[in-house]
Structures are given as C-alpha cells and as structure tokens.
Amino acid sequence: MALVDDPMIDEAGFRMSEATSGDFFALLKPRVMSLVVFTAFVGMVAAPVAINPLLAVIAILAIAIGAGASGALNMWYDADIDAVMSRTAGRPVPSGRILPGEALSFGLVLSVLSVMTLGVLVNWLSAALLAFTIFFYAAVYTMWLKRSTPQNIVIGGAAGAIPPVIGWAAVTGTVSLESLVLFLIIFLWTPPHFWALALFKSDDYAKAGIPMMPNVAGQASTRRQIFAYALILAPIGVLPWVLGFTTAFYGVASVALGAGFVWYAWKVLCMTDSDRVMKPAKALFAYSLLYLFAIFAIYLADCVVGRALAIGGA
C-alpha cells in the first residue's frame, strides 16, 4: 500500500523521475566538458587543413556529447563514494534527484550517439578515439584505477588528454606529432592539478576510501611529486615552439606560464605537514586551471594569427 500512496509512482507502478533538465545537464559535468571541447577545438584549428564549417560544428558537438556521456557514466558508478564526500554529495545521483538506472541509460545512449555521429558524419578514426576515451574514462579509470591505485590520476589522465588528438583527427583523419605534444601537455598537467586538490581534500578522499596520493604516500611525498611534475611540465609546455609548431609569441608566453607553475609548485613543496589551511595547494590548484586554459588559448591565437599573416603576405 505504501507504493500506491507514493506520489512519484504512476498508475502502472513505475516510479516517475524527479529530475529536472538541470539535473541531467549536471550529469554531463559541464565544467569538465567545456575543457574537453576547448582543447579539442584547439586541436581542430591547429590542424594544417581546413574542415567544412558544418562538419566542424558536428565534430565539436559529438565530442561534447561524448565527454558528457563519460561524466554521466562516472556519476552513475561513483554514486556510493560521491555520497560521502562533501564536494560531491550534492550531485544528482547521490542526492537522489536522478536514479542510478537513469544515469546509466543516459550515459550509454549519449555514448553511442556521439561515437556514431562522429563516425558517420566526420570520420571513423576520430570516432574510434572518442569511443576509446569514453571507455577508458568510464571503465578503466572510474571502475578500476580510481579505487585501486594512487596512480589513478596519472594513468587515468590519458582520457582527459586525448581531446586535442580527436580534434586533429576529425580534420585530418590522422594523428600527428603536433597533436601528441598537445596530448602530452594535458597528460603531464593532470597529476599536479589533481594532487593539489587531493592535498586539501584528503579527508574527503579518506572517508570515501579512494587511494589518492596524499592518503597513501603521505603529504610530503605528494608535494615532492607535484614539484617533480611541474619541472617536467614547464619545458614540455614550450615544446610546440621548440619543434616549430608555433611562433616566438607562444614560446615566450609558455615559458612564463611554466615558470609560474614551477613557482606555485615550489610553494607547495615548502609546505609543512602541520599546515591545515594549505593556501599554497589551493593557489596551485587555481593556477593550474589558469595555466591549461591560457596555454591552449595562446596556442589557438598563435595558429589563427600566424595563418592570417601568411594569407595576407601571399
């Protein structure tokens, strides 16, 4: 009889969803999706050949939907640990606004839709890369790495680093050294970015039982690894200029941005285990977001301006 009195149960006995369109949009992890779309777009623009504008729009939409599908599948599987972490407890699934089955179905449908659209209308190499990215993030990272190893972010970072390669492949039908350098920048950026977050959210991760680096190796070891990655990332960020893919404008800007990353990482390295406020870690986390956006935005501007000048001088 309790089911009959439940206002969310219809006459056929099915539970009606309480979710709003905003809840389903939140499932897509829009902030992550925006970064994926932006880096994929840079990969498309950096490619040496032009693409039909309509196909470019279709490719970007398919990549965005694929990224959102990954987020939905991640939220479906991680609902149990999201519920005990303060920064994720309000997400649609753990809060009960969206049922787990709804999130799973939503993610699967979007996954198939995005991959098939990209394959049929653009090319199958970019579609295969998108399918691999969704699988890697949802299955390899979310279902395995995240809960089993402190290297979860290091290995799992490959999923977030592939979008510029997908963008390049959507235009050219190939994978090049230039697109792989863009992949490498994001791949090396990911560990220090997330470990900075893990330092000041270590209690949350401990409650959820996630083996993030600070909870397994300790804060001191994590700080040293953050600094080591910063030292590697800084010169890799300059690599596009060294290899001749960009002008000196990008080169100078990337040197400055990399030096800033190393400086913020150095401040984190100098923290003590007794520091509970962790302002340097919070500052590095914020700067890392600025770094990735800025370095790709400058890369994009360099490509656009360089081509405009080349056309003007022809």
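Rules and cut-offs
Residues numbered from 1 in each chain as written. Predicted model: local features only at pLDDT ≥ 70, side-chain atom pairs only at ≥ 80, totals over all residues. Heavy atoms only, no water. Helix = DSSP H or I, 4+ residues; strand = E, 2+ residues; numbered from the N terminus. Rg over C-alpha atoms; globule rule 2.2 N^0.38 Å. Contact = heavy atoms within 4.5 Å. Areas by Shrake-Rupley, 256 points an atom, 1.4 Å probe, with all protein chains shown as cover. Lys, Arg positive; Asp, Glu negative; His and termini not counted. Charge placed at Lys NZ, Arg CZ, Asp CG, Glu CD. Salt bridge = Lys/Arg side-chain N within 4 Å of Asp/Glu carboxyl O. Buried < 20%, exposed > 50% of the residue type's maximum accessible area, 1.4 Å probe, protein only. 1 Å grid on protein atoms, 1.4 Å probe; cavity = no way out; pocket = protein on both sides within 12 Å on 5 of 7 lines; lining within 4 Å. Points joined across faces, edges and corners; volume = space filled by probe spheres on them. Axes fitted to C-alpha atoms, helices over the stretch in contact; angles between N-to-C directions. Parallel < 35°, antiparallel > 145°, perpendicular 65-115°, else oblique. Left-handed = near helix turned anticlockwise from the far one by under 90°. Nonpolar A, V, L, I, M, F, W, Y, C, P; charged D, E, K, R; others polar. Core = buried A, V, L, I, M, F, W, Y, C linked by side-chain atoms within 4.5 Å. Expected span 1.5 Å × (residues − 1). Phe/Tyr/Trp six-rings, centres within 6.5 Å; stacked < 30°, edge-to-face > 60°. Lys NZ or Arg CZ within 6 Å of the ring centre and 35° of its normal. Patch = residues over 30% accessible without salt bridge, like charges linked within 9 Å, V, L, I, M, F, W, Y side chains within 5 Å.

1. What about the overall build of the chain?
Here is step 1: Looking only at helices and strands, one finds 15 helices and zero strands in the chain.
Here is step 2: Relative to a compact globule of 314 residues, whose C-alpha radius of gyration would be 20 Å, the chain shows 21 Å and is just as compact.
Here is step 3: Each principal axis of the C-alpha distribution contributes one length, and for the chain these read about 80 × 55 × 25 Å.
Here is step 4: In the chain, 73% of the contacts between residues at least 6 apart in sequence involve partners at least 24 apart.
Here is step 5: Of the roughly 14,100 Å² of accessible surface on the chain, 72% is carried by carbon and sulfur atoms.
Here is step 6: In the chain, 17 side chains carry a positive charge and 16 a negative one; their mean positions are 13 Å apart.

2. Some remarks on the pattern of salt bridges
Here is step 1: Evaluated as defined, the whole model comprises eight salt bridges.
Here is step 2: The salt bridge partner of R147 is D78, with a shortest N-O separation of 3.0 Å. Of this pair, R147 sits in helix 7 (residues 124-148) while D78 sits in the loop between helix 4 (53-77) and helix 5 (79-82), and the two are 69 residues apart along the sequence.
Here is step 3: Note on R147: relative accessible area 30%, which makes it partly exposed.

3. Details of the layout of surface pockets
Here is step 1: The computed volume of the largest pocket comes to approximately 1,300 Å³.
Here is step 2: Together, 50 residues line the largest pocket, and K29, R31, V32, Y137 and F194 are the ones closest to its centre.
Here is step 3: Looking at the lining of the largest pocket, the elements with two or more residues in it are helix 3 (30-46), helix 4, helix 7, helix 8 (152-161), helix 9 (163-172), helix 10 (177-200) and helix 15 (279-313).
Here is step 4: As for the second largest pocket, its lining consists of F41, M44, V45, A47, V49, A50, I51, A56, I60, V171 and R307.
Here is step 5: Breaking the lining of the second largest pocket down by element, the ones donating at least two residues are helix 3 and helix 4.
Here is step 6: Broken down by element, the lining of the second largest pocket gets its largest block of residues, three residues, from helix 3.

4. What about the packing of helix 10 against helix 13 (residues 219-242)?
Here is step 1: The contact between helix 10 and helix 13 brings their axes to 9 Å, and the two run at 155°. Our classification of the angle between helix 10 and helix 13 gives roughly antiparallel. In the crossing of helix 10 with helix 13, the sense of the turn from one axis to the other is left-handed. In contact with V181, L184, I185, L188, W189, P191, P192, W195, A196 and L199 of helix 10, helix 13 contributes Q219, T222, R223, Q225, I226, Y229, I232, L233, I236, G237, L239 and P240.
Here is step 2: Here the residues of the contact of helix 10 with helix 13 are counted per class, giving 17 nonpolar, four polar and one charged.

5. So, the nonpolar core
Here is step 1: Grouped together as the largest cluster of nonpolar side chains are 93 residues, with contacts concentrated most on L118, I185, W195, F261, Y291 and F296.
Here is step 2: In terms of residue count, the dominant contributor to this core is helix 15 (13 residues).
Here is step 3: Here W195 is in contact with P150, I153, V154, M212, M213, T222, Q225, I226 and Y229, once residues within four sequence places are set aside.
Here is step 4: One finds A19, L27, M75 and A79 within the second-largest nonpolar core, a separate group that totals eight residues.

6. Notes on helix 13
Here is step 1: Look at helix 13: 35 Å from first C-alpha to last across 24 residues, which is about the 34 Å you get at 1.5 Å a residue.
Here is step 2: A positive phi of about 85° marks G244, the residue just after helix 13.

7. Overview of unusual backbone geometry
Here is step 1: The phi angle at K29 is positive, at roughly 50°, despite the residue not being glycine.
Here is step 2: For K29, the location among the structural elements is in the loop between helix 2 (21-27) and helix 3.
Here is step 3: By relative accessible area, K29 is classed as buried at 14%.
Here is step 4: With a phi close to 55°, M278 is a non-glycine residue in the positive phi region.
Here is step 5: Mapped onto the elements of the fold, M278 is located in the loop between helix 14 (248-269) and helix 15.

8. Some points on the packing of aromatic side chains
Here is step 1: Summed over the entire model, instances satisfying the criterion amount to 13 aromatic pairs.
Here is step 2: Among the aromatic residues, ring-to-ring pairing joins F261, Y264, Y287 and Y291 into one connected group.
Here is step 3: Seen from the ring of F200, K282 lies directly overhead, with NZ or CZ sitting 5.9 Å from the centre.

9. Examining a nonpolar patch on the surface
Here is step 1: On the surface, a nonpolar cluster with roughly 500 Å² of combined accessible area is contributed by V112, M116, V120, L121 and W124.
Here is step 2: The greatest single-element share of the nonpolar patch, amounting to four residues, is contributed by helix 6 (residues 100-121).
Here is step 3: Inspection of the secondary structure puts W124 in helix 7.
Here is step 4: The partly exposed category is assigned to W124, whose relative accessible area is 49%.

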